[in-house]
Amino acid sequence: MFEKKKLSRSVAEQRGASLMSRVAIATAGALFSISVAAQQSGSIEGQVFLDSQGAEAAGITVTATSNVMPRARTATTDADGEFRLPALIPGTYTLTFTNDDGLTRTVTARVLLDQQSNVTVVMVPEQGMEEIQVFGEAATLTGNGALSSAIGADVIGGLPVGQDFRDMMKLIPGVQYTENGVRGVNAGGSGQDNVYKFGGVNVTLPLFGVLSAEPSSQDVEQMSVERGGARAIGFKRSAGVEVNTKTKSGTNEFRSSVEYQFQTPGMREKNKEGIKDETSRSWLTANVGGPIIEDQLFFYGSYYGPRQERDNKKTAYGPTKDFTSERDEYFGKLTYAPIDNLLFNVSYRTSERVNTGASISFTEIDSVSVGEESNQDIFSLDGSWIINDRTTLTFQYSDYALEGSDVPDNPLDLQPAYDQPLDLANLDSQGYFEVPSTRANDPGWNAFVQPFIDQYGYIGDDGSRVGGGAVGGFFQYSEGNYYSRSFEIALDHNFDLGETSHELHFGYQYSEGEEQLARTSNGWGIIEVIDGSEDADAPNNARFLGRTEQMSFLGEDGSRVPSIDSFVETQNFEINDSISWGDFTFDVGVLISQDTLYGQGLRRNSATVSGYVADLGRKYEMYQTDWKDMIQPRLGVTWAYNGNDTIFANFAQYNPDVSSLARAASWDRNTRAVLDVYWDEDGNFIESTPRAGSSGKFFQEDLTPRRLDELTIGTTKDFDNGISLRSHIRYSESSHFWEDTWNGSRLYGCYASPQGETCVPDHIAEKGLYIPELDDYRAQLGGSSYVIAELDDAYTKYWEFSMEATWVGERTYLNASYTRSRYRGNFDQDNTSGVNDQATFVGSSNLADGIGRQVWDLKDGTLRGDKPNVFKVFGQYTLDWQANLGAFLVYQSGEPWEAWDGSLYGYSSSTNRYAERAGSRRSPSHWQLDLNYTQNFQVFSDYTLKFRADLFNVFDRQTGYNFDPFVSNETFGEPRNYYAPRRLQLSLGVDF
């Protein structure tokens, strides 16, 4: 807590004689700090004076009331006239100040999620005025060096934003805009380095770090974002942004709303290829809230029902079945205050989504479609206990589940078995058959594949059959379930010591993430025609390759290998002291963590050379980090040089906890591998072998956990006209990356490369094997020749200069930000796969998998997430005729890319094998404007009819991105994705 006495006297001096003409003065301070994150709350702190000369008012009773709080909260000013109101539900509060003589003054303040609002009141007895209201807006400014922002529902509702939680990410100030469907934004880390909380519940996909949850944005009351400069409050360990939301609650007044939104195919422009979208979309939302027991127990409930329908479309093979997507989501929340100092929230959200006729491309036959089902459940219980004016206890328990499955719409009647031949006359009943294409100047190959093209190809433009399509059934049955549970508790205590005041925070968090995965193949899975003589990994006489899940095969007793379960447990302790001394606030804190990875399929046995024996299905501790290796200091200083405006600096260290190794290195992957099954030209079985990487792995000893070091320096300034400014420079560097790699990768020596010849750097080569005893371990237990190791010299560096301004006027809200940044390094988590927008393994990707994929193989350069320039403006304006106009504008640089060519290293696979320096090329920059218009009509006294129109990408800027890096492809250097075209969305609703 900063020195409020200094702030208040400065305010008094600035206002001078005007203070004497007022009964009460309330000012919104420019300093805001992150609150305790265990509950979805904010806080108010302030100081009361008896006169304009700064005489402190001790013993003043401060009462805070709001329609969102079941009961009032009270506090008493101390000897310095200071007061604290912690753990408040975000909303607008009326603060009533009462002295012993009965003199009462009232001001109004705004509380935003995870923010601290500061209020100064001067109680000057004078006739004629009794109340002045000044609204504090903490939308962008945060003290203590933390880069935090919060946006309320009144702003969100007036902007062109979609219906899902993911759509709200575009509103993060100073951070790039993305239309990725899986990976997140880059803000100093990869697209898998962010944390997403909905209603305080971490809905980030366990083990993968992406946002797969899809809760409705209609229930969002406020959203907060922390980009960097963290204190040891809130257990922040992510290397990217951390997003949180506060869900809506009931109030003492019954309120409800119903809205129907729709978008027909005619309301969407053709895409870049000239193809018209034929999907009809609609969204039905409804909510209701009110009191169960007045001033004590509130309820809120909602329904969300998005629908998608696409009529029968034609592919190269002819008509296909209709596509439908139906989802039903229900949410309920109770807010209960049994007494003034206790507050509890309990909520539950459940959702079911069913898709049919999905995943059919233009060159696939209708029978390869897949049905999809997803179920989502989010439970949360949180509470706060105001023990006294100086001490607060908060807690939260959360439980998140996401269960999904893919089921082929065309199940094939074939059970794979070892030594079983391939039925060449009926390949469309054997699996997902990729129809081969002819080759130029290769008569032998063409003669072999032509019969299959004649039988399974589609009709080309010249009327003849051509290859390149696919027939049969969708290749896989998949069931993936993800669960996370968390409990956190925090104690906050405020006290004075000499000339300093202290806000002590203690917190503990326990969380666990789990993945349950089962995959079986539909028939043989994927079947393709190959030439074994051209593939070093295949038998020379192989002509057919099947990629089949090992779990598809039955044992002698008819049973299958059970699903693989992976677990991660995390514990975090944090302590932080905010020390106020004069115009300075010092934050001194530390976060200490421990992560434990659990695999499946081993049991400890000290009598063996590896320390384990195989035990199918058994949970075992795979790796545990030491507490001493994850001590993360947080140090910050803020100087309120004129009592209001600030200069701040912060140093923070983070140990990111996202990792896929609990599954990627699990021993039972040996029995759940993807098999390469080979047949000869007559369909006779040759052999089957596990695909590389699909087996358990040992860990290098004494690994240092991944670490990010961050330094932030900035300044804030607040103006009386509602304008707030913030500018900062932030630098961060990540190191100690873990990744699976061949145990002898340091010993590759010199080899062919795009540079003519590349050699392993001498200082790396001299370190030798990652695990010297690995051959002994494998002789006893089996497993992979790959190990989990800390890659030598792997790093990323990020710096940004950012400016942000917010203007809050009587009718206007405007947020404008510009960020100049660079993101460089040799470890690019966003660029490990040919299909970038997906949840790739973190710690077990293509990086470091063989020659051409090492960090010294042209990897040192500009990373894919680098967008040097990002300019973003969004805001709204209330018109005279009960209407609102909202806009969102973004301009940003394109993304870096480079050419990939494995042949330069002597390999057929080009994936992640760079032919030139990382980031040598860049896609075009992109800008777009989105608009919203909302018109309200008052019907009777209690009903408001609403018409809304959202127009996205007004100027139809379909900029290309995700360029094809494969030199061997005909589409090399062409964009594989484009920003979505112009589209209109209309809605009609009623509030009552």
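Just so it is clear, the structure is predicted and the values come from calculations on it, not from any experiment. (Residues numbered from 1 in each chain as written. Predicted model: local features only at pLDDT ≥ 70, side-chain atom pairs only at ≥ 80, totals over all residues. Heavy atoms only, no water.)

1. Describing the overall build of the protein
For the record, the criterion: The secondary structure listing takes helices from DSSP runs of H or I that are at least 4 residues long and strands from runs of E that are at least 2 residues long, numbered from the N terminus. Each radius of gyration reported is based on C-alpha atoms, and the globular scaling rule is 2.2 Å times the count of residues to the power 0.38. Three exposure classes are used, based on accessible area relative to the maximum for each residue type with a 1.4 Å probe and protein chains only: buried under 20%, partly exposed in between, and exposed over 50%.
Assigned secondary structure in the protein consists of 6 helices and 56 strands. What you see for the protein is a C-alpha radius of gyration of 30 Å, in line with the 30 Å of a compact globule of 992 residues. For the protein, the C-alpha atoms occupy an extent of roughly 105 × 65 × 55 Å along the three principal directions. Each of the 992 residues in the protein was classed as buried or not, and the buried ones make up 59%.

2. Points about the nonpolar core
The criterion, for reference: Among buried residues, those of type Ala, Val, Leu, Ile, Met, Phe, Trp, Tyr and Cys that are joined through side-chain atoms within 4.5 Å constitute a nonpolar core. A contact between two residues is defined here by any heavy atoms of the two lying within 4.5 Å.
Among the nonpolar cores identified, the biggest contains 83 residues, and F165, L171, V203, V243 and F699 are the most heavily contacted of them. The greatest single-element share of this core, amounting to 4 residues, is contributed by strand β33 (residues 612–624). With sequence-adjacent residues up to four places away left out, V243 is seen in contact with F165, M169, I172, V195, Y196, K197, M223, S224 and V225. Formed by 24 residues, the second largest nonpolar core is a distinct cluster that contains A57, A64, F83 and M123.

3. Re the sheet that holds strand β12 (residues 220–228)
Put simply, the test is: At least two DSSP bridges between two strands are needed for those strands to be called paired.
Taken together, the 5 strands give an open sheet; going across it, the order is β9-β12-β13-β10-β11, and neighbouring strands pair in mixed fashion. The open sheet is flanked by β9 (147–152) and β11 (201–202), the only strands paired with a single partner. Where β12 lies against strand β13 (residues 242–247), 6 bridges are found, and the strand directions are antiparallel. Paired with V220 across the strands is T247, a residue of β13.

4. Structural notes on the side chain of S369
Secondary-structure assignment places S369 in the loop between β20 (342–358) and β21 (370–388). Judged by its relative accessible area of 0%, S369 falls in the buried class. Apart from residues lying up to four places away in sequence, S369 is in contact with K321, G357, A358, S359, I360, P408, D409, N410 and F474.

5. Points about the sheet that holds strand β44 (residues 786–790)
The 3 strands lie next to each other as β38-β44-β41, forming an open sheet whose pairing is mixed. In this open sheet, the two strands that pair with only one neighbour each are β38 (698–699) and β41 (738–742). As paired strands, β38 and β44 are joined by 2 bridges and run parallel to one another. In the strand pairing of β44, F698 is matched with V787.

6. Some details on the confidence of the model for the protein
Let me state the cut-off plainly: You can read pLDDT as the predictor saying how much it trusts each residue, on a scale of 0 to 100.
Residues at a pLDDT of 70 or more form 92% of the protein, whose mean pLDDT is 88. Within the model, the stretch residues 1–38 combines pLDDT values under 50 with 139 contacts to residues more than four positions away or in other chains. Confidence drops under pLDDT 50 across residues 126–143; counting only partners more than four residues distant or on other chains, this segment forms 63 contacts.

7. Regarding the packing of aromatic side chains
Just so we agree on the cut-off: In summary, the pairing rule links any two rings of Phe, Tyr or Trp, Trp by its six-membered ring, whose centres are within 6.5 Å, and it sorts them by plane angle into stacked for under 30 degrees, edge-to-face for over 60 and tilted for everything else.
Scanning the entire structure with this criterion turns up 44 aromatic pairs. With centroids separated by 6.4 Å and ring planes inclined at 55°, the aromatic side chains of F344 and F395 adopt a geometry described as tilted. Taken together, the positions of F344 in strand β20 and F395 in strand β22 (residues 391–408) put the pair 51 residues apart, joining distant regions of the chain. Its relative accessible area of 27% is what places F344 among the partly exposed residues. Measuring from ring centre to ring centre gives 5.9 Å for F448 and F544, while their planes differ by 55°; the resulting arrangement is tilted. In this pair, F448 is assigned in helix α3 (residues 443–456) and F544 in strand β30 (residues 544–549), connecting sequence segments 96 residues apart. One aromatic cluster is present, formed by F433, F448, F452, Y456 and F544 through successive ring pairs.

8. Focus on the state of the cysteines
Keep this limit in mind: By definition, disulfides here are pairs of cysteine sulfur atoms that lie within 2.5 Å.
Within the structure shown, the criterion is met by 1 disulfide. Here C750 pairs with C759 through a disulfide, and the sulfurs are 1.9 Å apart. Judged by the sign of its S-S torsion, about 105°, the cystine formed by C750 and C759 is right-handed. Residue class for C759 comes out partly exposed when judged on its relative accessible area of 34%.

9. Some points on the side chain of R73
Applicable threshold: Charge assignment in this entry is limited to Lys and Arg as positive and Asp and Glu as negative, and neither His nor the chain termini are counted. The rule for a salt bridge is simple: a side-chain nitrogen of Lys or Arg has to be within 4 Å of a carboxyl oxygen of Asp or Glu. Whenever a nitrogen or oxygen atom comes within 3.5 Å of another N or O atom, the pair is scored as a polar contact, on the condition that within protein one atom can donate a hydrogen and the other can accept it, and that pairs from neighbouring residues in sequence are kept only if both atoms are in side chains.
With respect to the helices, strands and loops of the structure, R73 is situated in strand β4 (residues 73–76). Here R73 occupies a buried position and makes no salt bridge, while the nearest side chain of opposite charge, D340, is found at 7.3 Å. Side-chain polar atoms of R73 contact the backbone oxygen of P86, separated by 3.3 Å. A distance of 3.4 Å separates polar atoms of two side chains, one belonging to R73 and the other to S384.

10. Some words on a negative patch on the surface
So the rule is basically this: Patch membership requires more than 30% relative accessible area and the absence of a salt bridge. Residues of like charge join within 9 Å; the nonpolar side chains Val, Leu, Ile, Met, Phe, Trp and Tyr join within 5 Å. Note on areas: Shrake-Rupley with a 1.4 Å probe; residue coverage comes only from the protein chains shown. Positions of charges follow a simple convention, taking NZ of Lys, CZ of Arg, CG of Asp or CD of Glu.
A contiguous patch of negative charge, built from E278, E309, D311, D322 and E326, is present on the exposed surface. Its location among the elements puts D322 in the loop between β18 (318–319) and β19 (323–336). The exposure class assigned to D322 is partly exposed, which follows from its relative accessible area of 40%.

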